[in-house]
Every structure is written in C-alpha cells, then in structure tokens.
Amino acid sequence: MRFAIFGNPSSDKTCGQEPQFFSLLHSLGSQIAVDSRYLRFLKSDMGWDIPSDSVIEGDDFTADAVISIGGDGTFLRTATRVGSKGIPMVGINTGRLGFLADITCSRMEDAIRSICDGKYTLENRNLLQISMDGLPLGHTPYALNDIAILKHDISSMIQISTSVGGTPMITYQADGLVVATPTGSTAYSLSVGGPIIAPGTNVICLTPVAPHSLTMRPLVLSADQTIRLDVTSRSHSFLVSIDGNSFSCREHTTIEISRAPFQISVIKPCGGDFFSTLREKMLWGTDSRK
C-alpha cells in the first residue's frame, strides 16, 4: 500500500515508537510519503532514522491511505489537507483524549497490519462549508467537527438571527452558537450540552453556547439544509471558529453554513467502532457508584 503520513512536529506529541512504526511500514513493503515538516522534525529534532520513499510538499499528494500521527487537532488539520481527494484516513493517537485519532500507540502495529491485510471498514463523514465575505487568507472554509459563532472574550452576549432554508427560525441571544457535524457532536457541541450523534447520520446540530433563555435548546436538522446567520454585537464584532481556528468578523457579516460537497473517509480497523470508543475514551455509560 501507499501511505501518506502527517504528524504533529512537537516533542510532547510523540510516543517514542515512531521509528518502529516507520520500520514496520517499510517491512510490510509499503510505499511511504511523509509530510516535509514532520519528516524534518523526526530526523533533525528527534534524531531518528526514518525511512521514506518521498516527501510531501503542500497538498499535492496521492496515496491509498493517509495516516495522521498526533491528537485530534492533527487529525483535523490533516483532513483539511486531504480535502476532496477521497483518500481514507486513520489516526494514531499520541496526544491526550484521541477521539478521532483513536488508535493508541500500543495498538498501532496490530492496526497497521489489519489495514495492510484489508481488514477494516470505512466510515464516511460529512463536513461543513462556510460561505462568507472576507474569509481570511489561510483559513479553510471546511470543517470536519464544527463551525462556531462566538462573542469576543470581553463582550456581552451576541444576537444571532438564524434562518434555515430561507425561512426565519430564531434569534439566539447567547455567548455563541455551535453548528456541528455528527463527527463534531462529541467535541465542542457536547461540552455545551449538545447531543451525541452517531457517525453516518445525515444531520447538522445547532447548539447555543450559554443561551439567555432556557427554551433555546439544541436543534438537529437535515444535513441538506442551508443555515444563514446574521450577527449583532455591542462590540460590533464577533469570532468565527472553523474546527478551532478562529478569526474576527464585523457584525452583520452574512454567513451561510451548509454541507460540504465532499466527505472524508475514516478507516476503522476490525475490532474498532464508535460505541467502544465512547466507552473507552469518554467513559460513556460508566456507573461511578461501582
């Protein structure tokens, strides 16, 4: 198989088994292309002898599978670089929680052998797309987890006039609004009271952040809907966060959020599934009385 490998170039995001991992891929006869920045980090900063067949510069690459080594943030950044290429992705967790990058270092050898043997399933994940004037250079319009509209730290709550499919729906008075995919339902949206949504569910979830009214509850919509937002703020500005990468906007900047025209495929080696990850990573359903 041909693997394109991306990683987090930070010494506190390594597990120490990276040289063995690359040697394993090489021993299995795989062709290895490594992101140039990550390869420099492994060789120069860590002093490891890393075999590679080619180096990836920019987003011009092709492979049978993409491997992300790091945490969920690394996985999200890698997904942006994969974009519409349709190359399936797998995440190896060297960070903390690791919900998207859910293969631990202790399991990575078994996982890679399963992938090379064709023993895996694919999960297709929807992305969101934001359309607006003034998207800053360097910010992707696509989000695998969520797009959040937020107040500035020192600001009062903001008003977010929301319409769905051209029909006015509600004006949120809140600290913000999180628009999440099923993949992102276990991220920011969950932390502010949103529901857990299983992957593959064709929906979008709107979850207000610290709403002024208790009647403003999370809302699940069909993923085919287009959400239009108009924001008013006392500071005359607000924040837009796309998978955690934020920038400032002037009030009344019209924003439209819809499903992206492509999906990301996530590789799940045999033995891994969404619900086992929930139980393992988030202690879902655990009775603390026992």
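Analysis parameters
Residues numbered from 1 in each chain as written. Predicted model: local features only at pLDDT ≥ 70, side-chain atom pairs only at ≥ 80, totals over all residues. Heavy atoms only, no water. Buried < 20%, exposed > 50% of the residue type's maximum accessible area, 1.4 Å probe, protein only. Helix = DSSP H or I, 4+ residues; strand = E, 2+ residues; numbered from the N terminus. Pairing = 2+ DSSP bridges. Right-handed = clockwise from strand over helix to strand, strands pointing away. Axes fitted to C-alpha atoms, helices over the stretch in contact; angles between N-to-C directions. Patch = residues over 30% accessible without salt bridge, like charges linked within 9 Å, V, L, I, M, F, W, Y side chains within 5 Å. Areas by Shrake-Rupley, 256 points an atom, 1.4 Å probe, with all protein chains shown as cover. Salt bridge = Lys/Arg side-chain N within 4 Å of Asp/Glu carboxyl O.

**Q** Looking at this model, I keep getting lost on the pairing of strand β4 (residues 65–70). Mind explaining?
**A** Here is the key point about a regular strand: its side chains alternate between the two faces of the sheet. Of all six residues making up β4, six are buried, and the element is well covered by its neighbours. Side chains Ala 65, Ile 67 and Ile 69 project from β4 onto one buried face, and the interleaved Val 66, Ser 68 and Gly 70 project onto a second face that is buried too. Here strand β1 (residues 2–7) pairs with β4 via five bridges, running parallel. In the sheet register, Ile 5 faces β4, and the bridge partner there is Ile 67. Relative to strand β5 (residues 89–93), β4 runs parallel, the two sharing five bridges. Its bridge partner being in β5, Ser 68 is matched across the sheet by Gly 91. Following the backbone out of β4, through helix α3 (residues 72–82) and into the adjacent parallel β5, one traces a crossover that is right-handed.

**Q** Please clarify how the sheet that holds strand β14 (residues 219–222) should be interpreted in this entry.
**A** Think of a sheet as strands paired side by side through backbone hydrogen bonds, with each pair either parallel or antiparallel. A sheet is described by the order of its strands in space; here six strands give the open sequence β14-β13-β12-β9-β16-β17, paired in antiparallel fashion. Each edge of the open sheet carries a strand with a single partner, namely β14 and β17 (245–250). The average angle at which neighbouring strand axes cross in this sheet is 20 degrees, direction not considered. As judged from the five bridges shared by strand β12 (residues 176–180) and strand β13 (residues 203–209), these two strands associate in the antiparallel manner. Counterpart to Ala 180 in the pairing with β13 is Cys 205.

**Q** Please explain the side chain of Asn 145 as it appears in this structure.
**A** With respect to the secondary-structure elements, Asn 145 resides in the loop between β8 (142–143) and β9 (146–150). You can call Asn 145 buried: its relative accessible area is 9%.

**Q** Would you mind showing me how to read a nonpolar patch on the surface here?
**A** Nonpolar side chains collect at one region of the surface, where Ile 196, Phe 275 and Trp 284 lie side by side and expose about 280 Å² of accessible area between them. For Trp 284, the location among the structural elements is in the segment after α6 (274–282).

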